Amino acid sequence: MLNHIYAIIQTVLLKALLAFTALWLCISAQAQMDSTATFTYQEFLAHIIDHHPLAIKANLRLKYGEANVLSARGKFDPVLKSSYDKKEFDDKLYYSHFASKLIIPTPLGIDVVGGYENTDGEKLNPERYTDENGLWHMGVEVNVLQGLWVNDRKVALQQAKVYQQMAQVEQQSLLNELVFNATYKYLLWQQSHFNHQVLENNLSIANDYFTNTRLSYKNGEKTAMDTLETLIVYQDAQRLLNKNKIALTKARNDIETYLWYEQKPVLLQEQTLPENYENKFFVDFSLSDSTDLSANPLIQSSLNKLSILEIEQRLKRQKVLPKLKVKYNALLATNENSITPNYSSSNYKWGLDFSFPIFLRSERGDIKQGKIKIEELELDIANKRYELQNKLESSLQKQIILEEQITILNKSVDGYKQLLEGENEKVKYGESSVFLLNKRQEKYINGNLKLIETYVKKQMELVNFLYLSNQLVAK
């Protein structure tokens, strides 16, 4: 008897558990089906900057600039040189010569030099002779005129630092262009999505009109022409909605081209929606907030090129000076039983190297060419500044006009809505026609679509302004 009761209780509990599980699964599935996620612009932007291949490529430009500076600094690395020559013939040691030298370059045209020599042999050149413990030397080589303050290795480092700045500008330019294009696609996605909502509402209203008119026709209150007219309006609403579906599908696909994670493309979920088109992505800027037109990558790039030309020009002006290198080395003899060097002011070696082209035609020609290039680039920069100034002022004027249009359209849409509601009431009491009602609806729907379009245009123009003034992406 007890076993039978336990069996009944187990059966009831099992059925209750199964029913609860099924109910939970249904609720969970329905919640998942009904849930929607808003993919905000800021989330979209952060995802692009963190994961898009072009954003990663832009960051590599900075590393390339750092590598370029490191390479230029290598010209100041100490250099160790060693050589060993030996000749034996007919059981005779003609000569044996070992030499090692350490050269330490400096930013000025001065090299610190030190070394050691050890020679032996019956046929050795007398000037190379050293005792069995060798000979040390230490001294300097100085470019007294040309190359003292401005020289090739110093110029190379200065140019490398400018190239590093150019890499930063290029990185910022790549990011700006990427974000500009992605923002443009996001705005089109917004427009298509909210157009879809308006057109769905339009289809619903057209369907109600058609259904009500057909019912009135059956009741003898409306004519067949009224029914046909509302049917055509309903079909037009379907056509517009289907046309926008194509645009919305394309807009979502365009958004997906900017979504990457771990170098793999990512797809949007069906429930993912853009944020409201009335939300502002950025605060409004005025031209006074961006008076430094040099921040624009195009102008900044030209300014960096100008810096490189000016550095080269300083080097070219140095070339008109004579070349005069003074070399001095203190010779440090060794002890009889040790290679330890001993200094004596009477033991030294020094010399001069001098050269000077008489007419300097090549050097003067290079200077003139460099001057012309600088003047050309300065004119180009001035022209770009003027064009950019005009574009920014034009963009601000467009934003003001579009803002005024938004205010007017908001009022117009409210008016169209009131007219539509009023016309709908008149139709109910037989004081108006389906034709007028359809016209009111058309005005109301087109007004909504135009309002969305103008909001998006205003955002696009603001994005264009920020792009031109290099404020689109935070540095």
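Here's a quick rundown of the structure. (Residues numbered from 1 in each chain as written. Predicted model: local features only at pLDDT ≥ 70, side-chain atom pairs only at ≥ 80, totals over all residues. Heavy atoms only, no water.)

1. Topic: the overall build of the protein
Phase 1 of the analysis: The number of helices and strands found in the protein is eight helices and eleven strands.
Phase 2 of the analysis: Considering only intrachain contacts with a sequence separation of at least 6, the fraction spanning at least 24 residues in the protein is 76%.
Phase 3 of the analysis: Counting only carbon and sulfur atoms, one obtains 56% of the accessible surface of the protein, whose full area is about 29500 Å². (Helix = DSSP H or I, 4+ residues; strand = E, 2+ residues; numbered from the N terminus. Contact = heavy atoms within 4.5 Å. Areas by Shrake-Rupley, 256 points an atom, 1.4 Å probe, with all protein chains shown as cover.)

2. Notes on the nonpolar core
Phase 1 of the analysis: Counting residues in hydrophobic clusters, the biggest one holds 41 residues, and the most contacted among them are Y41, F44, Y186, W189, I255, F282 and L472.
Phase 2 of the analysis: Only α2 (41–51), α3 (53–73), α4 (152–218), α5 (224–256), α6 (297–318), α7 (361–428) and α8 (434–468) provide two or more residues apiece to this core.
Phase 3 of the analysis: Here F282 is in contact with Y41, L462, V463, L466 and L472, once residues within four sequence places are set aside.
Phase 4 of the analysis: With 25 residues, the next largest nonpolar core counts I205, V233, Y277 and L449 among its residues. (Core = buried A, V, L, I, M, F, W, Y, C linked by side-chain atoms within 4.5 Å. Buried < 20%, exposed > 50% of the residue type's maximum accessible area, 1.4 Å probe, protein only.)

3. Some remarks on the pattern of salt bridges
Phase 1 of the analysis: Taken as a whole, this structure holds 13 salt bridges when the rule is applied.
Phase 2 of the analysis: Among the charged side chains, a network of salt bridges with common partners joins K185, K250 and D254. (Salt bridge = Lys/Arg side-chain N within 4 Å of Asp/Glu carboxyl O.)

4. What about the packing of α2 against α4?
Phase 1 of the analysis: One way to put it is that α2 packs onto α4 with a least axis distance of 11 Å and a crossing angle of 145°. Where α2 crosses over α4, the handedness of that crossing is right-handed. Together, Y41, F44, L45 and I48 of α2 and L178, V179, A182, T183 and Y186 of α4 make up the contact between the two elements.
Phase 2 of the analysis: When its residues are assigned to classes, the contact of α2 with α4 shows eight nonpolar, one polar and no charged. (Axes fitted to C-alpha atoms, helices over the stretch in contact; angles between N-to-C directions. Left-handed = near helix turned anticlockwise from the far one by under 90°. Nonpolar A, V, L, I, M, F, W, Y, C, P; charged D, E, K, R; others polar.)

5. Quick notes on the pairing of strand β2 (residues 79–89)
Phase 1 of the analysis: Across eleven bridges, β2 lies against strand β3 (residues 92–105) in antiparallel orientation. Bridge assignment links K87 to a residue of β3, and that residue is Y95. (Pairing = 2+ DSSP bridges.)

6. Some remarks on the packing of aromatic side chains
Phase 1 of the analysis: Evaluation of the coordinates by the stated rule reveals 14 aromatic pairs.
Phase 2 of the analysis: One aromatic cluster is present, built from ring pairs that chain together F39, Y41, F44, Y186, W189 and F281.
Phase 3 of the analysis: Seen from the ring of Y64, R61 lies directly overhead, with NZ or CZ sitting 5.0 Å from the centre. (Phe/Tyr/Trp six-rings, centres within 6.5 Å; stacked < 30°, edge-to-face > 60°. Lys NZ or Arg CZ within 6 Å of the ring centre and 35° of its normal.)

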